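Here are the chains, one letter per residue:
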Amino acid sequence: MAINSQHIVIIGGGPAGLEAASCLGTAGYRVTVLEKEKQTGGKLLIWDKLFPEFRNSDKVLNHLSNGFKTNPPQILTNAEVVSVIPENGQHRINLRDGQAFQADTVLITTGFKLYNAEKKEEYGYQIYENVITSFDLEKQLKTGNPIRIEAGLTPRRIAFIHCVGSRDIKSGNIYCSRTCCITGVKQAIEIKRRLSDAEVFNFYMDLRMFGQNFEELYIEAQQKWGVTFIRGRVSEIAENKDNSLQLKAEDTLSGRPIKMSFDLVVLLAGMVPEPRTVEIGKSAGLEFTSGNFLAGLDSHISQNETNTPGIFIAGTCREPLSVAETLTDARAATVKMISWLRENETSHKKPLIKRDND
Amino acid sequence: MGKLYDRLNQDIRFIEGLNGCLNCGVCTAICPAAEFYHYDPRVICATVQSKDEKMIEALIRSETIWYCGECMSCKTRCPRNNTPGFVIMALRKLSQELGYFTDSEKGRQQFAIKRAIGGNILRTGYCVNPDIVSPQMHPEQGPVWDWISMNTPEIMKKMGSNYKQAGVGGMRAIAPEVLEELDRIFEVTGCYTLFDTIEKHSKHKANELGIEISDEGIGNEYFMTVYTENNGSHNG
């Protein structure tokens, strides 16, 4: 097939970056994906099963790599981008190791970072051994080994705490991370599947079941699996002498303060922007949302375009999204990129250079 | 007199203390008073936020607003930067001004606090000091307090305090010019007006109940009544 000489650089080889790369490759563009880690796939590599249908994350990863049958992109791993500088109507992408790339258009898909739950000191993450995050639990689930707490025992009572670092002025994050609610439901069911005798609780402020089959999964968690949902934000966790954890909340629906003991507490930590995304965004003169994510040009009609012409954004570097939404967002971005490239095709005919170590 | 909600909205503590509550209950979850009393700061915020005049009036006539210890733990937790403790302060002030505090047992204790603590500050410069805490009135201090109160000067000396003497250090005598300054502060900030209001409504209540009340001091039947009465329904 005819390959367009215009060059696209995608920063970040997670779900958004790979999905966009396959779309743009299929459309006949020359694409380079720069991935900072030694392997592409992003946080899907950590994840075991995906909500709401408990599909293995491998299935999505396979889909992403199968997209490269025609016109595969050049994928560079261990390629950490430090800046994107507009240069002669193009964009110069500088890497940590001194390499640089020239691109007609750039797509930033650098994803998110998990909120550092240590900041909510009252929950005792990294202080109490049996307080973990949803990421930690997912890693444990992925091993396929039985669920154990630190002492090697089987937990009998498990609590999920919602909105850790989300919807919380105290942690600096006013926004909702969106996917934690359904993650809490999904992981609660996974625990019940493996430990049918365990009592599993979710402490929440609101349950935001926005996606297809999310509400259904919430109902299933209650009806089929007997997961208990308590509407109340947890104020603090303390460790008992036997390393179990005492949790304080108000059951706001009955209007009673409660104290309960748990063997394991899972913090549903929210999404925050990657610090590197902020650096790259600043270097490219991009604007940011109030939550410090990369800002689209318009919140309704052009979420993937930015205030710097030729630079596009997709996925969780611009707002918290689910995997499904991330892939949709990436595809949407590619349409805008192709339009932009066509409009700008005749405006310059400079040779495209890849410069190493300059 | 205007609407109660509007009056609350003139209080800086209310303005800063409540900016849209999402009813998550974290204030109640951290609240020490909620552990012991029938007390729920979240519900108080919800009531006030409803702007329902009847419910706000019921609240400032109730026992509820007097359970808070003003420890401000709620301020440290609220994800919306509200401070239920500030809301309580504004509600208490309104209850004092309107005389509604005499409707509740815990509210009537405002009289005892005004006469005891309020009097202490103006007289000595201290809210509380060893001379003021008599063993008869404070059995919770335990039997050792009897002995301490009988040997206060010696004990204070041994503890290295500057007990009742001029100069610096703990338990020192507060200088007359400092007491005068306190007096001015009470005048300028409206504390005396509030004291007078508490006195007026308390005397009215005492007369209504047919209980003897004096013009000053704590040696009167009404003081002892509000100081000791306990209907036993505050917790449990």
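About the cut-offs
Note on numbering: residues in each chain are counted from 1, in written sequence order. By the order in which they are written, chains take letters starting at A while ligands take numbers starting at 1. Thresholds applied to this predicted model are a pLDDT of at least 70 for local features of residues and 80 or more for the giving and counting of side-chain atom pairs; totals over whole chains, interfaces and linings are not thresholded and use all residues. By the criteria applied, helices consist of DSSP H or I runs no shorter than four residues and strands consist of E runs no shorter than two, each listed in order from the N terminus. Domain delimitation in this document rests on an assignment produced automatically or drawn from a domain database. Residues are defined as contacting one another if the C-beta atoms placed from their backbone atoms lie within 7 Å. Only Asp, Glu, Lys and Arg are considered charged in this grouping, and only Ala, Val, Leu, Ile, Met, Phe, Trp, Tyr, Cys and Pro are considered nonpolar; every other residue, Gly among them, is considered polar. Known as pLDDT, the predictor's per-residue confidence is scaled from 0 to 100. Our exposure labels follow a C-beta count within 10 Å of each residue's own C-beta, placed from the backbone: buried means 20 or more other C-beta atoms, exposed means 12 or fewer, and partly exposed covers the counts in between.

Student: I keep staring at unusual backbone geometry and nothing clicks. Help me out?
Tutor: Peptide bonds are, in most cases, trans, and in most cases residues other than glycine have a negative phi. Residue and element names in this part refer to chain A. Between Phe51 and the following residue, Pro52, the backbone shows a cis peptide bond with an omega angle of -5°. Assignment of secondary structure puts Pro52 in the loop between β3 (49-50) and β4 (55-56). For Arg178, which is not glycine, the phi dihedral falls at a positive 70°.

Student: Hey, could you run me through the domain arrangement of chain A in this one?
Tutor: How big an interface is tends to be expressed through the accessible area that disappears when the partners come together. Residues and elements named next belong to chain A. Under the domain assignment used here, chain A contains domain 1 (7-111 + 274-355) and domain 2 (117-271). Computed from C-alpha coordinates alone, the two centres of domain 1 and domain 2 are separated by 33 Å. Contacts between domain 1 and domain 2 engage 12 residues on the former and 20 residues on the latter. The class makeup of the residues in the side of domain 1 that touches domain 2 is 5 nonpolar, 4 polar and 3 charged.

Student: Even after reading the chapter, I still don't get the confidence of the model for chain B, so can you show me in this structure?
Tutor: For any part of a model where pLDDT is low, the fine detail of the predicted coordinates should not be relied upon. Considering every residue of chain B, the mean pLDDT works out to 95; 99% of them sit at 70 or more. For this predicted complex, the interface confidence comes out at an ipTM of 0.88, alongside a pTM of 0.91.

Student: Before we go on, may I ask you to explain the domain arrangement of chain B in this structure?
Tutor: Residue and element names in this part refer to chain B. Each assigned domain of chain B is listed with its residue range as follows: domain 1 (4-98), domain 2 (103-125 + 174-228) and domain 3 (139-172). Placing the centre of domain 1 and that of domain 2 at their C-alpha centroids yields a distance of 24 Å. On the side of domain 2, 9 residues touch domain 1, which itself brings 8 residues to the contact. A class-by-class count of the residues in the side of domain 1 that touches domain 2 yields 2 nonpolar, 3 polar and 3 charged.

Student: It is not clear to me how the environment of Gly13(A) should be interpreted in this structure. Could you clarify?
Tutor: Residue and element names in this part refer to chain A. Relative to the helices and strands, Gly13 resides in the loop between β1 (7-11) and α1 (15-26). Looking at Gly13, the number of C-beta atoms within 10 Å reads 27, which means it is buried. Along the chain, Gly13 and Pro309 lie 296 residues apart, while their C-alpha atoms are 22 Å from each other. Setting aside residues no more than four positions away along its own chain, Gly13 makes contact with Leu18, Val33, Glu35, Thr40, Gly42 and Ile75.

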